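Chain by chain, the residues run as shown.
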Amino acid sequence: MRRTSAHIAVLSLLALPAWGQPDPGEALYGLGRQLLSEGKTAQALQKLEESVRVSPKGPFADDALLAAASIDYPPVGLNDLGRATASGIPKARTRLETIAKTYPDSSAAPAAMFRLGLLEMDPVNPRASLDEAYATFLQVGRLYPRSPEAAEAIYAAGTCLLLQGSRDAAAGEDARLVVEHASGAAGERARLRLATSAARRGEMALAHRLLGPLLEDEIATTGSSNEGERTASPDRGAESTRAASVVRAKQLEYLFLRAAEDRPDRMGSRVLDDAFGAKSTAGESLAIAVGRDGRVWTLDDDSGRVAPLGGGGGQGASASAEGTTFAERPRGFGFDGRGALVGWDEKGLLTRDGQRLELIGPPARTDASGEPLRKITAVAFGPFGEIDVADGGETRVLRYGPDRALKGVAAVLEGRPTALVRTDDGTDYVLVASRREVHVIPPAGAPPSRRAVLPLKGPGWELGSPAGLSVDPLGRIYVLDASSKSIAILDEQGRRVASIAPARGTPAELKSPTAIAVDAAGYVYVADRKPARIVRFK
Amino acid sequence: MSRAVAIGLSLALFAGAIPGVAGLGSAEPAVKAAPAPATGEGVGQAAPSPDAAAPASDLDADVRLAAADFERGRQEFFKGKGSQKYKQAAAAFGAVIDRLSPRASSLDVPGRRLLAQALDYRAQASLLQGQDASADADYKLLVQTDPAYEPDSETTSRKILDRFRKIRAGLVATVTIDANPPEAEIFWNGRSLGTASELGSPRTVLAGLFVLKAHRACYEDKDIQGTLEAGESRIVKIRIDPSSRPIRFETVPEGFDVDLDGTLVGRTLVSPAADGGPSGPSEEPPGTRQNSGALVVPCVAAGEHPYTIRRDCYKTVTGAASVIVDFVDRDPLIIRVVPEKQIARLRVTSDVPGSTVTFEGSPLGPAPVENTTLCPGSGRLEVRASDRLLWSDRIDLVEGGVRIDAVARPTLRDVIVDTGPRRLAPAVASGIRSRIDAIAGFNHVSGGTESQLREIEGEETLRRGADPGRLDLAADLALLVDGSTSARGDFVRMRLTPALGGFLQNESCGVDDEACFDRFFSGLTSAWPVRSALTGAGFVETLDGKGVRIVSMQEPARGAGLREGDVIVSAGGNPVDGAGGLRRILDETAALPVVAETPSGRALPLVVQRGTVRVEIALPVALAAVVPQPSSASVPAARMLAVADFEASVLPAGERRNAALLTLASLLIGAGEPSRALALALDRPGWSENVPGAASSGTASFLAGLCHETLGERDRALSDYTKASTADTATLWTPDGLPVAPLARTKIKALTK
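Draft legend 1. Local environment of the overall build of chain A. Within chain A, the secondary structure is distributed over 13 helices and 26 strands. Within chain A, buried positions represent 56% of all 538 residues. Looking at chain A alone, contacts between residues at least 24 apart form 51% of all its contacts between residues at least 6 apart. Roughly 22,600 Å² of accessible area belongs to chain A as shown, and the carbon and sulfur atoms make up 51% of that amount.

And the structure:
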């Protein structure tokens, strides 16, 4: 109905030149677009604004406004969040709201409203509100159900709910998306996300069926069941979104199968992955992380170099050309919202180009300014550039935006945080080794009552010296215990559901484990010393 | 004595007692006529206890047993010997009294008489033993039981007789009932005394309060209450007045239904009284005399009563009966009508020799039917050649003549080919014929069932595009959706259903543009929501354009002869270059026309390479409902909507109709029309329950939940999701699609958070 009226409106506007004067805004709009393509944004902005001014009811006014808003605020999708600057946001908001209100039936309206939602949830926006963003995204789905933005908007609405800790409500939106927009990219991503949440809730039949078409796709296209293909890099091996979804589906399928096999009564059921082998490293690894490309990166204690492990199972492959030796030796590293490698030490973040970026803590008094942090013990990065920091000095967890603006104090702990993991939904998992506890800190938007403290002991088990922490997509917590040289796998309630306890004298035996990481498929990577190596458990 | 003998004897005795009790007040004949039983058994021995002798519920049995006891007592009383004879007689009479007195109010006349006699004799026995008080008590009880009772003067001493009469005089009165009308039934203290005319002379009754009631149908009941003093003799008059009057409906002929005050009261039937009525047959012209009928409605209250007299083929007569209740004239009010007969003459011709004609299921004979007279009215006329329906329509038979030329209904192909001055290219015409027949199964236009030939009303000519040389595909598609033919069968009526408004695109093809028709009909075919689901396909792997290797599989593929490791090189005659291609072939193989019968045992011929040999295998293809996803863009939504709506309209309840409704819903949801999806599909009646898979009603519930949620109706959405959450076999889109129940649970959890 709305589409029909939109068509009528467009047709009548297009018919205007045939009756008389050409639309004066058209030429200015065209000129603005051309300048934009040439990179002359200031001039382009001027022409676009002029186009709207001279022909506010012309057929190009909405397009000109949208193009101008894109200059102020470039993000067009969730992946772009955290990359804009806050300065352009007010102007962009005004332009986008004008389109939504003044030209609701125009072709630009769905895109404008969608971007308005992005702007409202963007962590760089000092006035971001996930509630507002959620409402805006829902409006896109309801007002423009057949627009290309509808599916993305529903997916983004689900993301807003996730970031508010409403995992079940997010699953509800994903379910809608899977049904109503099954064939699009957003539908595929919703499938993956819904499969994960279904698996977390124990709905394994649904979880497997959700993955089905994506798995089938790869069978049909590549016919490969090679284990190595399952963890292939979406960026490296297949650039398309579809291929990335297929790879992700493979990872999840593997994760679901492994999770189903884990049982508390089968301790040590995870075995060393022979296909991966034991990758030797030049020096001891202080930290280990799985990049967004699926590769395992390590921090070499001797050289201070961070590099991905070489592929192909070769020995001593740590000296990859992609590696970075930071100007100052980092204590740890991670990947920011853009996927860029970022190191950190006690006093701040370290960039690959040698910069040190300090993080300012909250002021002690209202009339004072905050002091730079000096005892950082762990840093974790969110998908939209968020930075969560464990401050060992004040035993607390702080949250920062992509622009390192302090968002707030997530939690004050009773012990010194020693490891920090942030999941995609914004939940922080903090290891407090001295108290042998894992603290679960809900996302910023979730009620504080969700916070939980999981003691690292239970009937018949207790970790002596927890040394590392990781979390898989099902929310299961992996804690490396240096004293028993084993890994405990805990469920969301802190119950031990499995453990990795390699027997002595076997190749899997851990001599002196230092770090742990879990990838999207549930493979567990452990950095060991004597000899220095990285092993992977199935 | 055995029980059987005792009962037989009792019956004999009781039978003998009946003539005695028949003559009220004269017990002697019964006593005298009763043969003395030849028995030596003592009274005490023979007398069974009341409880053991007969069930309490069996009154007749009690009376029979009491009669036996009575006879034993009487024998002892009159013929016994010794000083104990009165005592033993009194015991026997006491058994009778004990047995009958608790049920005195239920006893009939002989029973009461028996009880009265037992009381009489026991009182006499008591007196003869010097027990005067006991005797007086029995006499009082006797009078209360039967105020008119008179002891036998021949066997009762004068002294005792006087004593009894003295007691009785203090308890009874005499009443003479004067009732009008004589037919009224009279009740004394609730007990019927019969009709007034049978009452006769004065009656002895118990003194005290009384209620006299008279009743007669169509009269107003009346009660009279009063008190009679002992020894009083009174005449009590009672008169009841009529409150209504009979009406007699007389019709010529008979067989008319009569409604009085809006209610059917009966039908006039032939009766001697009707024929001999006051204005009966003599008014009929000679030779045309018909049976007249009558219906008497006995009691009609005073006032105006509208009536309707009706019968098929006659004009309905209405009027109002004015009933006046006359105390003197009690004859029925007579309403006599001779309704006018109506006749319709029907002439039916057919262009198919040997066809037969039926009207409302009644055969009218072989065509042509010439001037058959029928009652006017509407009904379904059918012309058939053996089992094939040539022509069918609902016609209105009006008074006078109706002529129907039942030209065999044009098939859809006739209509399609008829495009005005230009003609379809032969190849196109041929293609349309086969495809329309296949797609729409429009055989029903010429030989289908009645249910598919409905809703014929009004007339329109075939709608064509602006260019007479072009077929308007949108219009023709509407024909598929709502095709029906006119009463004369010479044009096709079309109507766009609400579901299609706004969706149906005006596409047209040149009459000789075969490629255009190919595109159009291939679109329709691929819109067909039944597709293959190759059960047991298992995993396959592609071999770089050299076929598809079967990695694993289940039944029925294994049963068909496939083995792991086989490489499928061709399917359905088409080379297989990959798994995707194989799936497409499977889908196309299983694609079937809209209303064509689903073939059973459909199989896809495969050629497989097994080692060095090639093997041909027929792979069974299971058909299961598949519903397009809302965002599916492979087929124009308008066509899919049209086909789905058509199917939903014509298919009987079942999986395929469910699939059609779900297709319609899915497309409307995809179009952002949740309210129309609900109205036109999901809320439409006639869903088949217990259909598993993608055409399940559980799937419909889930989609309805989505629609209600979108519309902001949270409670209804929750209700739908709750229903869907129990549909364990329901899936989305394909039989192996997403399971609905866990999805519904997901939504419930999301909504209740």
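Draft legend 2. Expanded view of the packing of aromatic side chains. All names here are of chain B. Under the defined criterion, the tally for this structure stands at 19 aromatic pairs over all chains. Between the aromatic rings of F77 and F78, the centroid separation amounts to 5.1 Å while the plane-to-plane angle is 85°, which identifies the pairing as edge-to-face. Taking the relative accessible area as the measure of exposure, F77 reaches 6% and is therefore buried. Pairing F77 with F93 gives two aromatic rings, centres 6.3 Å apart and planes at 65°, and the pair type is edge-to-face. Here F77 is found in helix α5 (residues 59–79), whereas its partner F93 is found in helix α6 (residues 85–100), with 16 residues between them in sequence.

Draft legend 3. Fine view of the packing of helix α9 (residues 167–180) of chain A against helix α22 (residues 740–752) of chain B. Running from amino to carboxyl end, α9(A) crosses α22(B) at an angle of 135°, the nearest separation of the two axes being 7 Å. The angle between α9(A) and α22(B) places the two elements in the oblique class. Crossing geometry of α9(A) relative to α22(B) is assigned as left-handed. Contacts between α9(A) and α22(B) involve A:D168, A:A169, A:A171, A:G172, A:E173, A:A175, A:R176 and A:V179 from the former and B:L743, B:T746, B:K747, B:K749 and B:A750 from the latter. Grouping the amino acids of the contact of α9(A) with α22(B) by side-chain chemistry returns six nonpolar, two polar and five charged.

Draft legend 4. Main features of the state of the cysteines. All names here are of chain B. Across all of its chains, the model carries two disulfides over all chains by this definition. With a sulfur-sulfur separation of 1.7 Å, C218 is cross-linked through a disulfide to C299. An S-S torsion of about -75° defines the bridge between C218 and C299 as left-handed. Residue C218 is located in the loop between β5 (208–215) and β6 (222–228), and its partner C299 is located in strand β12 (residues 293–301); the two are separated by 81 residues in the primary sequence. For C299, a relative accessible area of 36% puts it in the partly exposed group. The side chain of C313 participates in a disulfide bridge whose partner is C375; the two sulfur atoms lie 0.9 Å from each other. A torsion of 45° about the S-S bond marks the disulfide between C313 and C375 as right-handed. A residue pair is termed long-range when its members are at least 10 positions apart, and C313 in the loop between β13 (303–310) and β14 (317–323) and C375 in the loop between β19 (369–374) and β20 (377–385) qualify at 62 residues. Judged by relative accessible area, which is 12%, C313 ranks as buried. For C375, a relative accessible area of 30% puts it in the partly exposed group.

Draft legend 5. Highlighting the sheet that holds strand β16 (residues 437–441) of chain A. All names here are of chain A. Spatially, four strands are ordered β14-β15-β16-β17 in an open sheet, and the strand pairing comes out antiparallel. The sheet is open, and its two edges are formed by β14 (419–422) and β17 (452–455), each paired on a single side. Strand-to-strand twist in this sheet, taken as the mean axis angle between neighbours without regard to direction, amounts to 20°.

Draft legend 6. Quick look at the nonpolar core. Core analysis: the largest hydrophobic core is formed by 106 residues, its most contacted members being A:M121, A:F137, B:L682, B:F702, B:L703, B:L732 and B:L743. Examining the composition of this core, we find that nine residues originate from one element, helix α6 (residues 109–121) of chain A, more than from any other. Leaving out residues up to four positions away in the same chain, A:M121 has contacts with A:L78, A:L81, A:A128, A:L130, A:A133, A:F137, A:T159, A:C160, A:L163 and A:F384. If you look at the next biggest cluster of nonpolar residues, it comprises 30 residues, including B:A67, B:I97, B:L100 and B:A123.

Draft legend 7. Region of the structure containing the pattern of salt bridges. Following the criterion strictly, the structure yields 53 salt bridges over all chains and no others. With a shortest N-O distance of 3.7 Å, B:E709 and A:R176 are connected by a salt bridge. Here B:E709 is found in helix α20 (residues 697–710), whereas its partner A:R176 is found in helix α9 on a different chain. When sorted by exposure, B:E709 lands in the same class as A:R176, which is buried.

Draft legend 8. Seen up close, the confidence of the model for chain A. Residue and element names in this part refer to chain A. When pLDDT is averaged along chain A, the result is 82, and 86% of the positions lie at 70 or above. Looking at the elements of chain A, mean pLDDT is at its lowest for helix α1 (residues 2–19), recorded as 34, and at its highest for α6, recorded as 95. Every residue in residues 1–20 is under pLDDT 50, and counting partners more than four places away or in other chains gives 12 contacts. This model gives residues 311–320 a pLDDT under 50, and the stretch forms 18 contacts once residues within four places in sequence are excluded.

Draft legend 9. Spotlight on the sheet that holds strand β11 (residues 387–391) of chain A. Residue and element names in this part refer to chain A. Pairing in this open sheet of four strands is antiparallel, and the strands run β10-β11-β12-β13 from one edge to the other. Of all the strands in the sheet, the pair left with one neighbour each is β10 (376–381) and β13 (406–412). Across the sheet, the mean angle from the axis of one strand to that of its neighbour is 20°, orientation sign disregarded. Pairing between β11 and strand β12 (residues 396–400): five bridges, direction antiparallel. Counterpart to A390 in the pairing with β12 is V397.

Draft legend 10. Molecular detail of unusual backbone geometry. Residue and element names in this part refer to chain B. Look at the link from N180 to P181: it is a cis peptide, with omega at 0°. Residue position: P181 is located in the loop between β1 (172–180) and β2 (185–188). Across the junction of A367 and P368, the peptide omega takes the value 0°, indicating a cis bond. The backbone of N189 sits at a positive phi, close to 50°, despite the residue not being glycine. With respect to the element layout, N189 can be found in the loop between β2 and β3 (191–195).

Draft legend 11. Just the confidence of the model for chain B, in detail. Residue and element names in this part refer to chain B. In this model, chain B carries a mean pLDDT of 69, and residues with pLDDT of at least 70 account for 61%. A low-confidence stretch, residues 409–424 stays under pLDDT 50, and its non-local contacts, those more than four residues away or across chains, total 53 contacts. Confidence drops under pLDDT 50 across residues 523–542; counting only partners more than four residues distant or on other chains, this segment forms 82 contacts. Reported confidences for the modelled complex are a pTM of 0.56 and an ipTM of 0.82.

Draft legend 12. Just the pairing of β10(A), in detail. Residues and elements named next belong to chain A. Within β10, six of the six residues are buried, which leaves the element mostly enclosed by the surrounding structure. Pairing analysis gives five bridges linking β10 to β11, with the strands arranged antiparallel. Looking at the pairing, I376 lines up with D391 of β11. Linking β10 back to β11 in an antiparallel pair, the connection comprises five residues, with G385 at a positive phi of about 90°.

Conventions used here
Residues numbered from 1 in each chain as written. Chains lettered and ligands numbered in written order. Predicted model: local features only at pLDDT ≥ 70, side-chain atom pairs only at ≥ 80, totals over all residues. Heavy atoms only, no water. Helix = DSSP H or I, 4+ residues; strand = E, 2+ residues; numbered from the N terminus. Buried < 20%, exposed > 50% of the residue type's maximum accessible area, 1.4 Å probe, protein only. Contact = heavy atoms within 4.5 Å. Areas by Shrake-Rupley, 256 points an atom, 1.4 Å probe, with all protein chains shown as cover. Phe/Tyr/Trp six-rings, centres within 6.5 Å; stacked < 30°, edge-to-face > 60°. Axes fitted to C-alpha atoms, helices over the stretch in contact; angles between N-to-C directions. Parallel < 35°, antiparallel > 145°, perpendicular 65-115°, else oblique. Left-handed = near helix turned anticlockwise from the far one by under 90°. Nonpolar A, V, L, I, M, F, W, Y, C, P; charged D, E, K, R; others polar. Disulfide = S-S within 2.5 Å. Pairing = 2+ DSSP bridges. Core = buried A, V, L, I, M, F, W, Y, C linked by side-chain atoms within 4.5 Å. Salt bridge = Lys/Arg side-chain N within 4 Å of Asp/Glu carboxyl O. pLDDT = per-residue confidence, 0-100.

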